Amino acid sequence: MIIHHRIWEIDFIRGLAIILMIIFHFIVDLKDFYSYPLDYLSGFWYLEGKLSAIIFMLICGVSSTLGKKSTRHGIKVFLWAMLLTLVTYLYNENYYIRFGILHFLGISLLSAHFIRRLPIYGLIILSCTTLIIGTTFSDQYISNPYLFPIGLRSNSFISMDYYPIFPWYGVFLSGIILGKSLYGDKKNFSVPKLSHHQPEVVISWLGQHSLAVYLTHQPILLLLLYLFHTVYQ
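Residues numbered from 1 in each chain as written. Predicted model: local features only at pLDDT ≥ 70, side-chain atom pairs only at ≥ 80, totals over all residues. Heavy atoms only, no water.

**Student:** I'd like a description of the packing of aromatic side chains, backed by residues and values.
**Tutor:** Summed over all chains, the structure comprises 10 aromatic pairs. Ring geometry for phenylalanine 44 and tryptophan 45: centres 4.9 Å apart, planes at 75°, overall edge-to-face. With relative accessibility at 57%, the residue phenylalanine 44 sits in the exposed group. Owing to a relative accessible area of 24%, tryptophan 45 belongs among the partly exposed residues under this scheme. Ring geometry for tyrosine 89 versus tyrosine 96: centroids 5.0 Å apart, planes at 90°, classification edge-to-face. (Phe/Tyr/Trp six-rings, centres within 6.5 Å; stacked < 30°, edge-to-face > 60°. Buried < 20%, exposed > 50% of the residue type's maximum accessible area, 1.4 Å probe, protein only.)

Written as structure tokens, this is what we have:
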């Protein structure tokens, strides 16, 4: 019988991305809800937020090469993404999540079953092409308001979170390339488990439950900030 083991370094790196994401959203909340003089649209905090997203995409690509559940997981992630779209639309119909990172990851995972079968050189060409097309699209504005999932926006387009297929699918493909290169056919090998006394366990736990943490961390942050400002101001 083949026993599937979690690969701890993937959970650990995903957990680091979760921590970076929580820090970034903490900065966003301080700026947007409490008018702190912070800038998350450029500079350090902008790059910190993008780094978190890029790590998520890479690890998602790597993970999609290690199992057979990428399609099921993609459907699950995309459904949660649509629920976030609905919730944020009800909160603010002019500024909601139209195609955020969960939408992107859901679509990417749905394609992984077919894309990961390509040879590495084909994936490299496709990844580079996607990145180049995305760079071209980033400066283009069109009249059609419905092509934003692929990176073509109208002048009136606004989204609370936005990660279109071009160029970001190139990053996901880079993750597939890493997965095929680093792990190859070693999908069922045993890896050493972390000691329960090591601090890395907490980070790995966050990585193992990344979707749940992503969906719940923002309400928790907002509640904590509200309580803090109620008590101390």
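**Student:** Please set out the layout of surface pockets residue by residue, giving values where relevant.
**Tutor:** Size it by volume and the largest pocket reaches roughly 1600 Å³. Lining the largest pocket are 48 residues, and of these His25, Tyr95, Ile97, Met160 and Asp161 lie nearest its centre. For the lining of the largest pocket, the secondary structure elements donating two or more residues are helix 1 (8–34), helix 2 (43–63), helix 3 (70–91), helix 5 (120–137), helix 6 (165–182) and helix 8 (210–232). With seven residues, helix 1 is the largest single contributor of residues to the lining of the largest pocket. (1 Å grid on protein atoms, 1.4 Å probe; cavity = no way out; pocket = protein on both sides within 12 Å on 5 of 7 lines; lining within 4 Å. Points joined across faces, edges and corners; volume = space filled by probe spheres on them. Helix = DSSP H or I, 4+ residues; strand = E, 2+ residues; numbered from the N terminus.)

**Student:** Requested: an account of the packing of helix 3 against helix 4 (residues 101–115), with residues and values cited.
**Tutor:** What describes two packed helices is the angle between their axes and the distance between those same axes. Viewed as axis vectors pointing N to C, helix 3 and helix 4 meet at an angle of 160°, and their least axial separation amounts to 7 Å. Taken together, the axes of helix 3 and helix 4 are roughly antiparallel relative to one another. As helix 3 runs across helix 4, the sense of the crossing is left-handed. Packed against helix 3, whose contacting residues are Ser70, Thr71, His73, Gly74, Ile75, Val77, Phe78, Ala81, Met82, Leu84 and Thr85, the element helix 4 presents Leu102, His103, Leu105, Gly106, Ile107, Leu109, Leu110, Ala112 and His113 at the interface. Of the residues belonging to the contact of helix 3 with helix 4, the class tally is 12 nonpolar, eight polar and no charged. (Axes fitted to C-alpha atoms, helices over the stretch in contact; angles between N-to-C directions. Parallel < 35°, antiparallel > 145°, perpendicular 65-115°, else oblique. Left-handed = near helix turned anticlockwise from the far one by under 90°. Contact = heavy atoms within 4.5 Å. Nonpolar A, V, L, I, M, F, W, Y, C, P; charged D, E, K, R; others polar.)

**Student:** So what about the state of the cysteines? Which residues, and what values?
**Tutor:** With the rule as written, the count across this model stands at zero disulfides. Looking at cysteine 60, it has no disulfide partner, and the nearest cysteine sulfur is the one in cysteine 128, 20 Å off. With a relative accessible area of 12%, cysteine 60 lands in the buried category. A residue is classified by how much of its surface remains accessible, and cysteine 128, at 39% relative accessible area, is partly exposed. (Disulfide = S-S within 2.5 Å.)

**Student:** Please provide a residue-by-residue account of the environment of leucine 16, values included.
**Tutor:** Relative to the helices and strands, leucine 16 is located in helix 1. Spatially, the C-alpha atom of leucine 16 lies 6.5 Å from that of isoleucine 203, the residues being 187 residues apart in sequence.

**Student:** Explain the pattern of salt bridges to me, using residue names and the numbers behind them.
**Tutor:** For the structure on display, the rule yields one salt bridge. Of the charged contacts, one joins arginine 14 and aspartate 11 as a salt bridge, the two residues approaching to 3.0 Å between their closest N and O atoms. Here arginine 14 pairs with aspartate 11, and both are found in helix 1, just three residues apart, close to one helical turn. In this structure aspartate 11 comes out as buried when scored by relative accessible area, which is 3%. (Salt bridge = Lys/Arg side-chain N within 4 Å of Asp/Glu carboxyl O.)

**Student:** Run through the side chain of arginine 153, naming residues and quoting values.
**Tutor:** Among the structural elements, arginine 153 can be located in the loop between helix 5 and helix 6. Aspartate 139 is the oppositely charged side chain nearest to the buried, salt-bridge-free arginine 153, at an N-O distance of 6.4 Å. Here arginine 153 is in contact with Ser138, Gln140, Tyr141, Ile142 and Tyr162, once residues within four sequence places are set aside. (Lys, Arg positive; Asp, Glu negative; His and termini not counted.)

**Student:** So what about the confidence of the model for the chain? Which residues, and what values?
**Tutor:** Predicted confidence across the chain gives a mean pLDDT of 91, with 92% of residues reaching 70 or more. Averaged pLDDT values over the elements of the chain bottom out at 90 in helix 7 (residues 200–208) and peak at 97 in helix 2. (pLDDT = per-residue confidence, 0-100.)

**Student:** Break down a nonpolar patch on the surface for me, citing the residues and quoting the values.
**Tutor:** Taken together, the side chains of Trp80, Leu83, Leu86, Val87, Tyr89 and Leu90 make up a nonpolar region of the molecular surface, amounting to roughly 580 Å² of accessible area. Here leucine 90 shows up in helix 3. Looking at leucine 90, the relative accessible area reads 66%, which means it is exposed. (Patch = residues over 30% accessible without salt bridge, like charges linked within 9 Å, V, L, I, M, F, W, Y side chains within 5 Å. Areas by Shrake-Rupley, 256 points an atom, 1.4 Å probe, with all protein chains shown as cover.)

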